Structures are given as structure tokens and as C-alpha cells.
Amino acid sequence: MNIFEILGPVMVGPSSSHTAGAVRIGLMTRKLLAERPVKASIGMYGSFDATGRGHGTDRALVAGLLGMHPDDMRIPESFAYAREAGLTFSFETVQLREAHPNSVVIEAVGENGRDLTVQASSLGGGRIMVNKLDGIDVNCTCEMPTLIVHNMDQPGHVAEVTSMLSHKSVNIANMSLYRDKRGGRAVMVVETDQPIPKEALKWLEHLEGILKVTYINVEGEI
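On a predicted model such as this, the values are computed, not experimentally measured, just so you know. (Residues numbered from 1 in each chain as written. Predicted model: local features only at pLDDT ≥ 70, side-chain atom pairs only at ≥ 80, totals over all residues. Heavy atoms only, no water.)

**Q** Could you clarify how one ought to interpret the overall build of the protein chain in this entry?
**A** A tally of helices and strands in the protein chain yields 7 helices and 10 strands. At 17 Å, the protein chain has a C-alpha radius of gyration in line with the 17 Å of a compact globule built from 222 residues. If you line up the protein chain on its principal axes, its C-alpha atoms span 50 × 35 × 35 Å. Out of the 222 residues in the protein chain, the part that is buried amounts to 47%. Put simply, of all contacts in the protein chain between residues at least 6 apart along the chain, 67% involve residues at least 24 apart. Within the structure as shown, the protein chain displays about 10,900 Å² of accessible surface, and the carbon and sulfur contribution to it stands at 49%. Each charge sign in the protein chain was given a centre, from 21 positive and 26 negative side chains, and these centres are 3 Å apart. (Helix = DSSP H or I, 4+ residues; strand = E, 2+ residues; numbered from the N terminus. Rg over C-alpha atoms; globule rule 2.2 N^0.38 Å. Buried < 20%, exposed > 50% of the residue type's maximum accessible area, 1.4 Å probe, protein only. Contact = heavy atoms within 4.5 Å. Areas by Shrake-Rupley, 256 points an atom, 1.4 Å probe, with all protein chains shown as cover. Lys, Arg positive; Asp, Glu negative; His and termini not counted. Charge placed at Lys NZ, Arg CZ, Asp CG, Glu CD.)

Structure below.
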């Protein structure tokens, strides 16, 4: 256990799970979308839905979508900043199966038309887990440089990705594979020890059968 887990995150309160974690979920959604969001439909579940508004969870999620961090003093006024930034948003209650009680589903659309649906949960102490991307289980924290590849479930894609990383001298720390059905849509989640060069990501995007490539660099901003 590290000092962060004992003391909790540096944040604008009142709650590490309902506020700091919510900001991080919004921010992670922005990074996964890989462009500035202009529209978001936000579905609240469980404790997020029942008590979240009293804890400022709704404002925290919007703050994260705007690119704010948990210690940003503007979080309580995020709705006003969203209007200034041209981000429209709405909230609703959703029902999820076997989900963490602090869960949310965000359907986001970016300024260039890119869209993404993220289901994520706040685990406490400001820690989060991305549970689903576009309806496919992924269960990753994205705390390391993380490559997420959406592709058709066909032979050869895993080999292409791993060969590219080897060629770029990027070591794989963790790798998980998910699919909705055999021969359907699949997702690769690859956590790496080193950053991945931009040219390698562009090369992946143009491969046949690759639907979407998302890269999260923990040091990067959108």
C-alpha cells in the first residue's frame, strides 16, 4: 500500500469516490475519445445515481470531460464552463448488471465526429476502472501507457500489434483480449512500459480489419 492509498488524492471534495473518482472517469473518457468532446449522455448507476448529485458527482464528471483534474478549483462550476466550451450534456438513471455501485456510462461524441461509449467505476481513493468500451468488457485502469485496439475478430491482428511493439522496442507489461462473439468485434488492451511512437499508432490505424485505435499516455493531455 502506498501513501496515496492511505491519505487519498489531492482533490476538491467532498468525496474521493464520488468526486475525485468521477473527475478521473470524465477525464479518462476524454482521453479515450482522443478529441475534445462536444456532446455527452451520462447514465448514473447505483450510489452514483442515488447520492451522486449531493456529492457533486454530476459536476465532477462534466469537469473531467472538460479536461479538469481532481484538484481543479473550477469543478463546482463545471456546468457553466461546459456551456462556454460548447459541451452539451444530459443525465439519466441506468440499470446495469453486476456493476460496481459507483458506476457510470458515458456516451461521448467528439468535435470531429468520433464517438465512444465508456462504462467505468470509481473504486475509492480516487482510483477508477474502465469496465467496458463500446459494450465490450475491458477492465483496465489505464494507469500505464495503454494501447486499445478495436478490430474484427480475425487471425493475425494480435501478431501485427505485438510485432510492431517489438520493432519499436516497447515492452508489453500486460495484455488482455476481449470479443463480443466469434468472428465479431474484438478489443486488445495492451499496457506498456514505454510510450508508443505516434507513427506506429498511425500505421496500426490503416491496417485492414482495424476499426479504431486509442492510445492513453498517462503524461499526455487532450
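Alright, that's what it looks like, and here's the rest.
**Q** How should I be thinking about the sheet that holds strand β10 (residues 210-216) in this particular structure?
**A** Neighbouring strands of a sheet are bound in pairs by backbone hydrogen bonds; such pairs are parallel or else antiparallel. Overall, antiparallel pairing links the 4 strands, which are arranged β8-β9-β7-β10 in an open sheet. Each edge of the open sheet carries a strand with a single partner, namely β8 (172-179) and β10. Pairwise comparison of adjacent strand axes, ignoring direction, gives a mean angle of 10 degrees for this sheet. Looking at chain direction, β8 and strand β9 (residues 185-192) are connected through 7 bridges and run antiparallel. Counterpart to Tyr178 in the pairing with β9 is Val187. Sheet strands in contact with helix α7 (residues 198-205) are β7 (146-152) and β10, and its direction is about 160 degrees off that of β10. (Pairing = 2+ DSSP bridges. Axes fitted to C-alpha atoms, helices over the stretch in contact; angles between N-to-C directions.)

**Q** Help me understand the packing of aromatic side chains, please; the structure alone is not making it clear to me.
**A** Two measures describe an aromatic ring pair: the distance that separates the ring centres and the angle between the ring planes. The tally for this structure, following the rule as stated, stands at 3 aromatic pairs. With a centroid separation of 6.2 Å and 40 degrees between ring planes, the pair formed by Phe79 and Phe91 is classed as tilted. With Phe79 in helix α5 (residues 78-85) and Phe91 in strand β2 (residues 88-93), the pair connects residues that are 12 residues apart, well separated along the chain. Between Phe89 and Phe91 the ring centres are 5.8 Å apart and the planes differ by 75 degrees, which places this aromatic pair in the edge-to-face class. Residue Phe89 is classed as partly exposed on the basis of its relative accessible area of 25%. (Phe/Tyr/Trp six-rings, centres within 6.5 Å; stacked < 30°, edge-to-face > 60°.)

**Q** Even after reading the chapter, I still don't get α7, so can you show me in this structure?
**A** Residues lying three or four places apart along an α-helix face the same way, a consequence of the helix completing one turn every 3.6 residues. Among all positions in α7, only Ala200, Leu201 and Leu204 are buried. When α7 is viewed along its axis, its buried side chains cluster within an angular range of 100 degrees and face the same direction. Away from its buried face by more than 90 degrees, α7 exposes Lys198 and Lys202. Where α7 is buried, its residues meet β7, α6 (157-167) and β10. (Arc of directions from axis to C-beta.)

**Q** Looking at this structure, how should I read α5?
**A** All of the buried residues along α5 are Ser78, Phe79 and Ala82. Across the axial projection of α5, the buried residues extend over an arc of 100 degrees, all falling on one side. Turned more than 90 degrees away from the buried face of α5, the exposed residues are Arg83 and Glu84. Elements in contact with the buried residues of α5: α4 (57-65) and β2. Two residues or fewer after α5 comes Gly86, characterised by a positive phi angle close to 80 degrees.

Function cannot be inferred from these measures alone, as they are strictly geometric.
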